[in-house]
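# Architecture and fold: a report
Here is how the chains run, residue by residue.
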Amino acid sequence: MSQPAAAVNPEVTQLTHFVGGEHVAGTSGRFGDVFNPSLGRKSGAAPLASKSEIENAISVAEQAFPAWGATSVLQRSRIMARYVQLLYQHQEELAELVSKEHGKVFEDAMGEVLRGIEVCEFACAAPHAQKGEFSDNVARGIDIYSMRKPLGVVAGITPFNFPAMIPLWMAGMALITGNAVVMKPSEKDPTCPLRLAELFIEAGGPPGVFNIVNGDKEAVDTLLEDPRIKAVSFVGSTPIAKYVYATATANGKRCQAMGGAKNHMLILPDADLDDVANALMGAAYGSAGERCMAISVGVCVGDEVADRLIDKLKPRVEALRIGPSLDRGLEMGPLVTKEHREKVMNYIQMAADEGSRLVVDGRDFVLDGHEEGYFLGGSLVDDVKPDMQSYQEEIFGPVLQIMRVGSFEEGAALATDHPYGNGTSIFTRNGAAARTFADKVEVGMVGINVPIPVPLAFHSFGGWKNSAFGDHNQYGMEGLRFYTRVKTVTSRWLDDGVDAEFTMPVLK
Ligand code: NAD
């Protein structure tokens, strides 16, 4: 945290909140540093909202909600369709904002923005998807129908690693269903979310229904405690997800809280190892491993599979194309902050100290001309064992751990027994093994010969165990249900002269 530096340093952008359709300067006097991780230099100062600033944003959203909630679903859908068009028009600009503050390479950021847009495209189908149910003539003259109503003002709290996609997961589904949103993005890369809210206004969205407040724990706690917030959607690390879930639900709110991950890929002896190696290079090292769906553990059935796979991976990991995130044609950029880079380096040391073998150690990587950037090479670690702390915990960096097991059953059990259960995948030509794995593994999202099984917008996203708390997944029909509540109406209309009966029904 620091004081704003824009006045003294023109390289540092003074950021704002976005409330009621306009940029609003922070008044708390507290600011969070935003960095350009490729340069290792401060690039922005994000205001950290006080309790009263958050309360003001909630009031603005509360005032905007009734009219938005009463807008016809067709009209909301038209605004969402215009928003989708604008997001496509600005896709490169948004990707550059993501890439600059997060450090993921530009092509990766383009993909992230696209995944977010896809959720808004799905949201445009709300006139169909949000339809209720109707039962005709359940008794004489009586019909029952149900409707899905918006909740009111809802909060979104998002992590640093998808500053475009995850705000759009939440905003797309919350707005189309008629809610007003107060979103608190990660203080590490807040510029893209601010631009997303601006574009919603350009698309014709009414001021006050999509608000962005920057902040830290004080902002989050206010959102979790204020009775005017009806639901909280959170994505971030598991300890904070648990805290958010416990606090929001204790305050009577609906809550979905997605947490961390440790995703296993099970590699059977009949798998095509060239395919596996190609898949792992993207899934383990893309976005410098800072993805909740990164594959961080390769589980090889048999030593021969492990040895052959490592022979294929080692030269490619050593030759990863790493550079400043906005350069084109790269595989990996820097990590998000200096502190996070140090945390990942400590895990690599821990892995070595625990007795696993560093096949490639990325810690010595230096990018000429960018010595201050938060770069790390890819690391490949063999002989990882289930009881190691570096295996039990999420590293969230460009580190692939390899485990050797004796059988399919032993390998599948690793994913099931691990405390996290976000995603997993299996590579094999054996359909029966793949089917059994998908059926039995205790993980929320499963890929078969697919490395990162992120479901598309018309399905939904959510892990199991310590990777998600709450009842509904993100986006798709699950998201639509999360942001609406059911009202059921039982009505009787009888013709003139027919008497109504109000006794309890009897079996005839
Ligand atoms: P984080 O938990 O540090 O932060 C997430 C949000 O919580 C941010 O907005 C932050 O400001 C807020 N926050 C941080 N500390 C807080 C506290 N003490 N009290 C209240 N609020 C607090 O997570 P991160 O480092 O930004 O993101 C990376 C993590 O998110 C990884 O663990 C990753 O696996 C996870 N993630 C999960 C999913 C998923 O869908 N399961 C998706 C993306 C990221």
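What you see is a predicted model, and the numbers here were worked out from it, not measured in a lab.

All right, on to the site of the ligand then. The full set close to the ligand counts 27 residues, and Thr-158, Glu-187, Ser-237, Gly-259 and Glu-394 are the nearest of them. The side chain of Ser-237 places a nitrogen or oxygen atom 2.6 Å from an oxygen atom of the ligand. A distance of 2.6 Å is found between an oxygen atom of the ligand and a side-chain nitrogen or oxygen belonging to Glu-394. For the ligand, whose free accessible area comes to 840 Å², the fraction covered by protein is 88%. Mapped by element, the contributors of at least two residues to the shell around the ligand are helix H8 (217–225) and strand S11 (229–235). The residue makeup of the shell around the ligand, split by class, is 14 nonpolar, nine polar and four charged.

This next bit is on the packing of aromatic side chains. Tallying each qualifying case throughout the model produces 11 aromatic pairs. Ring geometry for Trp-68 and Phe-200: centres 6.1 Å apart, planes at 90 degrees, overall edge-to-face. Of this pair, Trp-68 sits in helix H1 (residues 51–70) while Phe-200 sits in helix H7 (residues 191–202); the two residues are 132 residues apart in sequence, bridging distant segments of the chain. Residue classification places Trp-68 among the buried residues on the basis of a relative accessible area of 2%. When its relative accessible area of 1% is taken as the criterion, Phe-200 is described as buried. Within the aromatic cluster, the residues linked to one another by ring pairs are Trp-68, Tyr-83, Phe-200 and Phe-210. Positioned over the ring face of Phe-106 is Arg-328, at 3.6 Å from the centre of the ring.

Attention shifts here to the side chain of Ser-38. Examined against the element boundaries, Ser-38 turns out to sit in the loop between strand S4 (31–36) and strand S5 (41–47). Judged by relative accessible area, Ser-38 falls into the buried class, the value being 5%. A polar side-chain atom of Ser-38 sits 3.0 Å from the main-chain amide nitrogen of Ser-325.

Glancing now at unusual backbone geometry. Negative phi values dominate among residues other than glycine, just as trans dominates among peptide bonds. Within the chain, Asn-449 stands out as a residue other than glycine whose phi angle is a positive 55 degrees. Of note, Asn-449 is situated in the loop between strand S20 (445–448) and strand S21 (464–465). Backbone geometry places Lys-465, a non-glycine residue, at a positive phi of 55 degrees. For Lys-465, the location among the structural elements is in strand S21.

Turning to the side chain of Glu-53, a few remarks are in order. Within the fold, Glu-53 resides in helix H1. An unpaired buried charge is present at Glu-53: no salt bridge exists, and Arg-30, the closest side chain of opposite charge, is 7.5 Å distant. A polar atom in the side chain of Glu-53 sits 2.8 Å from the backbone nitrogen of Ser-50. Here Glu-53 is in contact with His-17, Ala-25, Gly-26, Thr-27, Ser-28 and Leu-48, once residues within four sequence places are set aside.

Let us look at the domain arrangement of the protein chain. Taken domain by domain, the protein chain holds domain 1 (62–259 + 467–488) and domain 2 (263–448). Distance from the C-alpha centre of domain 1 to the C-alpha centre of domain 2: 31 Å. Opposite the 17 residues of domain 1 that make contact, domain 2 presents 22 residues. Across the interface of domain 1 and domain 2, roughly 1600 Å² is buried in total on both sides, 55% from carbon and sulfur atoms. Contact with domain 2 buries area across many residues of domain 1, yet Val-105, Phe-160 and Ser-467 alone supply 29% of it, more than any other trio. At the junction of domain 1 with domain 2, the criterion picks out two salt bridges. For the salt bridge of Glu-96 with Arg-328, the shortest nitrogen-to-oxygen distance reads 3.6 Å. Summed over the shared surface of domain 1 and domain 2, the result is eight residue pairs in polar contact (both at pLDDT 80 or more).

Turning next to the pattern of salt bridges. Across all of its chains, the model carries 29 salt bridges by this definition. Residue Asp-382 is joined to Arg-404 by a salt bridge in which the shortest nitrogen-to-oxygen separation is 2.8 Å. Of this pair, Asp-382 sits in strand S16 (residues 379–382) while Arg-404 sits in strand S17 (residues 399–405); the two residues are 22 residues apart in sequence, bridging distant segments of the chain. For Arg-404, a relative accessible area of 24% puts it in the partly exposed group. Because the salt bridges share partners, they merge into one network encompassing Asp-303, Asp-307, Arg-357, Asp-382, Asp-383 and Arg-404.

Before going further, it helps to examine the pairing of strand S6 (residues 133–139). Across four bridges, S6 lies against strand S7 (residues 142–150) in antiparallel orientation. Counted as the bridge partner of Phe-134 is Tyr-145 from S7. From the end of S6 to the start of S7, which pair antiparallel, there are two residues, and Gly-141 there has a positive phi angle of about 75 degrees.

Scoring rules and cut-offs
- Residues numbered from 1 in each chain as written.
- Predicted model: local features only at pLDDT ≥ 70, side-chain atom pairs only at ≥ 80, totals over all residues.
- Heavy atoms only, no water.
- Near = heavy atom within 4 Å.
- Polar contact = N/O pair within 3.5 Å; in protein donor to acceptor, adjacent residues only side chain to side chain.
- Areas by Shrake-Rupley, 256 points an atom, 1.4 Å probe, with all protein chains shown as cover.
- Helix = DSSP H or I, 4+ residues; strand = E, 2+ residues; numbered from the N terminus.
- Nonpolar A, V, L, I, M, F, W, Y, C, P; charged D, E, K, R; others polar.
- Phe/Tyr/Trp six-rings, centres within 6.5 Å; stacked < 30°, edge-to-face > 60°.
- Buried < 20%, exposed > 50% of the residue type's maximum accessible area, 1.4 Å probe, protein only.
- Lys NZ or Arg CZ within 6 Å of the ring centre and 35° of its normal.
- Lys, Arg positive; Asp, Glu negative; His and termini not counted.
- Salt bridge = Lys/Arg side-chain N within 4 Å of Asp/Glu carboxyl O.
- Contact = heavy atoms within 4.5 Å.
- Domains from an automatic or database assignment.
- Buried area = accessible area lost by both parts, 1.4 Å probe.
- Pairing = 2+ DSSP bridges.

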